Amino acid sequence: MRKLGLQRDLAEAAALERRRQGELHRQSRIFNARVRTIGVDKDALDTQINDKKIQEANERARHETIAGEMKQNDKIICMLEERQKQDIKNLNKAVTEFQQNFQKPETRREFDLSDPQALKKDTPARLSDNDPRCTVSGLQKFLGEDLNHDQRVKFQKEQSREWSLQQQRDWKNALADQKFAEDLHDKNRIDLDQKAMELQRKDIETRQAVCAATKDFNRTQAVEFAERKMLENRQQEEDNVAEISNLLRGDLLSENPEQAASSFGRHRVITDRWKGMNQDQLMAIRYTQQQQVLEKLRLQEEERQRNAEWDRQRIQAARAQLLFERHQQRLNRELRRTLDNANAQLSQEQKSKQIYLQEEVYSNFPTGQYFTQFNTTSR
């Protein structure tokens, strides 16, 4: 129960601290007038979006390049890891074979201390009547007696010699196994290096073949483009010669007036072929222009008379407005004088009330601690 209550207290404390941090962060955003803004700059957002898209495109291209390099590096790493695993496997196999062949438990110097057949191999308590362990009192051996000293010393020397020879043989075998493992490791490493070089050579040949094919394609495209450009220039020259010949022999430069006649009627002409009007058309246009001038003069005279009438009415309205404004100003001065007297009386009453409030009502002023309890949260 104590652990459960402690966990609940810790959870409530963490939640309270999280709300407190959130409230402080919200206050820093709301009470900071420089950070709080109204409205959104759409052009700036569009610019940021375009910049973001360009950045994403560049980032995507860079990631693709890095991905290609990572694939190549992964291939090399896989080859190196495979080589290392094979080396470790061969080394462990050699160590295991060496231990099984030359480090058997029964060849250890202290094997007699943990030999499970030690009781079967142990010497009996009594071998014969001449056994030095047998004494008159029934003890196996008295202090100071060592009847098998020479045989024991000889056996110990022989055993030490055998151990020394065995250690030498083991050392030579270990050196041979180590040399064999190193040779095998070097051979595997050379094989893997040759495979890596072969893969690299094939990659270079493939790249060279792709580059050669690309060069041939570009060369073919350049030849085709040059031939097409030459044919276009030749066709353009022929078109220019035909156009010049048509212009020289056509109705445009010869200024044939009949070429401007339209098929929709004699009163209509083709604008891009029209060479000008005849005398009858020009006289009709001049007569129409004179009639328009007379009509414009008549309209100007009517406009002048209309403006003079409007000016007369505007002057009369301005005079009436001026008289009304003067009358209104006199009324405003009288009303202002009345308001000033009323305001002076109200000001005197307000001053008397303020003196009463300051001296009688608001005699106990609040301290700074009273104002610190307001505006402490953003809610």
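Residues numbered from 1 in each chain as written. Predicted model: local features only at pLDDT ≥ 70, side-chain atom pairs only at ≥ 80, totals over all residues. Heavy atoms only, no water.

Focus: the overall build of the protein
Thinking step 1. In terms of regular secondary structure, the protein is built from 7 helices and 2 strands.
Thinking step 2. Each helix (α) and strand (β) of the protein, taken in turn from the N terminus, gives the series α-α-α-α-α-β-β-α-α.
Thinking step 3. Across the 379 residues of the protein, 6% fall into the buried class.
Thinking step 4. Within the protein, residue pairs in contact and separated by at least 24 positions form 39% of the contacts whose partners lie at least 6 positions apart.
Thinking step 5. Roughly 34,900 Å² of accessible area belongs to the protein as shown, and the carbon and sulfur atoms make up 55% of that amount. (Helix = DSSP H or I, 4+ residues; strand = E, 2+ residues; numbered from the N terminus. Buried < 20%, exposed > 50% of the residue type's maximum accessible area, 1.4 Å probe, protein only. Contact = heavy atoms within 4.5 Å. Areas by Shrake-Rupley, 256 points an atom, 1.4 Å probe, with all protein chains shown as cover.)

Considerations on a nonpolar patch on the surface
Thinking step 1. A surface patch of nonpolar side chains, amounting to about 290 Å² of accessible area, comprises Val293, Leu294 and Leu297.
Thinking step 2. Here Val293 shows up in helix 6 (residues 279-361). (Patch = residues over 30% accessible without salt bridge, like charges linked within 9 Å, V, L, I, M, F, W, Y side chains within 5 Å. Salt bridge = Lys/Arg side-chain N within 4 Å of Asp/Glu carboxyl O.)

Quick look at the side chain of Asp87
Thinking step 1. Along the chain, the position of Asp87 falls in helix 2 (residues 42-102).
Thinking step 2. Buried charged residue Asp87 carries no salt bridge. Nearest counter-charge: Arg83, at 5.8 Å.
Thinking step 3. The residues touching Asp87, leaving out its near neighbours within four places in the chain, are His185 and Asn188. (Lys, Arg positive; Asp, Glu negative; His and termini not counted.)

What to know about the confidence of the model for the protein
Thinking step 1. Across the protein, pLDDT averages 81, with 79% of residues at or above 70.
Thinking step 2. Predicted confidence in the protein is weakest over helix 5 (residues 251-254), with a mean pLDDT of 60, and strongest over helix 6, with 89. (pLDDT = per-residue confidence, 0-100.)

Details of the pattern of salt bridges
Thinking step 1. In the structure shown here, the tally under the stated rule is 18 salt bridges.
Thinking step 2. As a salt-bridge pair, Arg20 and Glu17 come within 2.7 Å of each other at their nearest N and O atoms. Residue Arg20 and its partner Glu17 are both found in helix 1 (residues 2-30); the two are separated by 3 residues, about one turn of the helix.
Thinking step 3. Given a relative accessible area of 35%, Glu17 falls into the partly exposed group.
Thinking step 4. Look at the salt bridges and you will find they share partners, linking Glu158, Arg161 and Glu162 into a network.

Here we look at a negative patch on the surface
Thinking step 1. The grouping of Glu237, Glu238, Asp239 and Glu243 at the surface amounts to a negative patch.
Thinking step 2. Within the secondary structure, Glu238 sits in helix 4 (residues 149-249).
Thinking step 3. Residue class for Glu238 comes out partly exposed when judged on its relative accessible area of 45%. (Charge placed at Lys NZ, Arg CZ, Asp CG, Glu CD.)

Structural notes on the packing of aromatic side chains
Thinking step 1. The final tally for this structure, using the stated rule, is 1 aromatic pair.
Thinking step 2. When the centroid spacing of 5.3 Å and the interplanar angle of 40° are considered together, the rings of Phe98 and Phe102 count as tilted. Within this pair, Phe98 and its partner Phe102 are both found in helix 2, separated by 4 residues, close to a single helical turn.
Thinking step 3. For Phe102, a relative accessible area of 26% corresponds to the partly exposed category. (Phe/Tyr/Trp six-rings, centres within 6.5 Å; stacked < 30°, edge-to-face > 60°.)

Concerning the side chain of Asp170
Thinking step 1. Mapped onto the elements of the fold, Asp170 is located in helix 4.
Thinking step 2. Buried charge without a partner: Asp170 forms no salt bridge, and the closest opposite charge is Arg169, 6.0 Å away.
Thinking step 3. Contact partners of Asp170, with chain neighbours within four places excluded, come to Phe98 and Phe102.

Considerations on a positive patch on the surface
Thinking step 1. Residues Arg326, Arg330, Arg333 and Arg337 make up a contiguous surface patch of positive charge.
Thinking step 2. Relative to the helices and strands, Arg333 resides in helix 6.

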